[in-house]
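Understanding the architecture of this molecule
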Amino acid sequence: LPQLPLAGSRLCLYEDGTELTESYFRALPPQTELVLLGPGESWRGCASDIERLLAAFCSQQGAVVEAARRLLTDERAPHRQKLLADLIHNLSENILAEDKEDDKKWFEGLESRFKNKSSYLRHSCESRMRGYMREVSGFISNVHPAAQDAYRGIIDLMADKLKSVKYNGCYFDRREEEEAERLCTAEGWFSCQGPFDRDDCPCKHSINPYSNRESRILFSTWNLDHIIEKKRAVVPELAEAVKTRDGREVNWEYFYQLLFTLDNLKLVHIACHKKTNHNLSCDKTRIYRKRKKTHEIS
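Rules of the game
Residues numbered from 1 in each chain as written. Predicted model: local features only at pLDDT ≥ 70, side-chain atom pairs only at ≥ 80, totals over all residues. Heavy atoms only, no water. Phe/Tyr/Trp six-rings, centres within 6.5 Å; stacked < 30°, edge-to-face > 60°. Helix = DSSP H or I, 4+ residues; strand = E, 2+ residues; numbered from the N terminus. Buried < 20%, exposed > 50% of the residue type's maximum accessible area, 1.4 Å probe, protein only. Axes fitted to C-alpha atoms, helices over the stretch in contact; angles between N-to-C directions. Parallel < 35°, antiparallel > 145°, perpendicular 65-115°, else oblique. Left-handed = near helix turned anticlockwise from the far one by under 90°. Contact = heavy atoms within 4.5 Å. Nonpolar A, V, L, I, M, F, W, Y, C, P; charged D, E, K, R; others polar. Pairing = 2+ DSSP bridges.

1. Some thoughts on the packing of aromatic side chains
In the structure shown here, the tally under the stated rule is eleven aromatic pairs. Measuring from centroid to centroid gives 5.6 Å for Phe172 and Phe190, while their planes differ by 85 degrees, and the two rings are edge-to-face. One end of the pair, Phe172, is in the loop between α6 (148-164) and β3 (190-191); the other, Phe190, is in strand β3, with 18 residues separating them in the sequence. Comparing Phe172 with Phe190, the two get one shared label, buried.

2. Describing unusual backbone geometry
The backbone of Tyr167 sits at a positive phi, close to 55 degrees, despite the residue not being glycine. Looking at where Tyr167 falls in the secondary structure, it is placed in the loop between α6 and β3. A relative accessible area of 17% means that Tyr167 is categorised as buried. Unlike most non-glycine residues, Asn279 shows phi in positive territory, near 55 degrees. Assignment of secondary structure puts Asn279 in the segment after β6 (265-268). Judged by its relative accessible area of 65%, Asn279 is exposed.

3. A word on the packing of α6 against helix α8 (residues 230-243)
Where α6 contacts α8, the two axes come as close as 9 Å, and the packing angle between them is 125 degrees. As the angle between them shows, α6 and α8 are arranged oblique. In this structure, α6 meets α8 at a crossing whose hand is right-handed. Two secondary-structure elements touch here, α6 through Ala150, Tyr151, Ile154 and Met158 and α8 through Val235, Leu238, Ala239 and Val242. Here the contact of α6 with α8 is built from residues that sort into eight nonpolar, no polar and no charged.

4. So, helix α9 (residues 252-260)
Counting buried positions over the nine residues of α9 gives seven, a clear majority of the element. Of all the positions in α9, only Trp252, Tyr254, Phe255, Tyr256, Leu258, Leu259 and Phe260 are classed as buried. Along its buried surface, α9 packs onto α5 (117-138), α6, β5 (223-226), α8 and β6.

5. Brief notes about the environment of Pro202
With respect to the helices and strands, the residue Pro202 is situated in the loop between β3 and β4 (206-207). Look at Pro202 and you get partly exposed, because its relative accessible area is 45%. Sequence-wise, Pro202 and Cys272 are 70 residues apart; in three dimensions their C-alpha atoms are separated by 8.7 Å. Once residues within four sequence positions are removed from consideration, Pro202 is found in contact with Pro195 and Cys272.

6. Details of the pairing of β6
Burial of β6 is two-sided: the residues Leu265 and Leu267 facing one way and the residues Lys266 and Val268 facing the other way are all buried. Pairing of β5 with β6 involves four bridges; the strand directions are antiparallel. Paired with His226 across the bridge in β6 is Leu265.

Dropping the structure here:
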């Protein structure tokens, strides 16, 4: 018989960790699952099981993956199949690998010019910024003919600014030294910043596109969402500002911030990307540069 620690031991319910008194114990229905705790031990029900499982992920990751694969081979229930497949996917990762020769599977389907993960993720962010710039440029057909040259001049200023900061590719680059300049941790973890009308993500979405090929592909569905909408608000307001400037200087840097920087961009999981009208508008006090006051010398 196993040697049970008697002095200081307690019995508690498996499901929630409730400690049992003698009267409570006698009132329990048959087949109730119990946990025997020794001195100094604690049990918080299913939460303790989850903590043990997470600890196993960290200390015996390879063994957990192999065990899950064996279970998945014979599993027929769709729900359990998905749970096992997701587990295998999330643990079959090579996060720390950066170069192509260290994680060749991650680069499958990509152009050969990408030699490391960070260069591809940086390119991914740059491509989004270039796309926004194309949208701003393409709106010129909607600008009043008399204002198109001025609008085109602002486009050129924005393009030069965007080029000087390398299209803000640093937002997705985990190698970026300045933490404030990237949206991920040093390991490459991105967290959803929540819908435009919330300060956080209610579902705690997160992803590491550096971890494996599938996560890299799924990350492409995440959005850099404009809080003040690009198409409905920012670009039309810019066009109107150019048209009605009447000698005033359009504050193009304000519009640049709204279009291309984290001042107005939130990284969101596709489920947190609300495509309804945000009903937000540009700050009217920032559309034009403030004129410098001149003082006459008497």
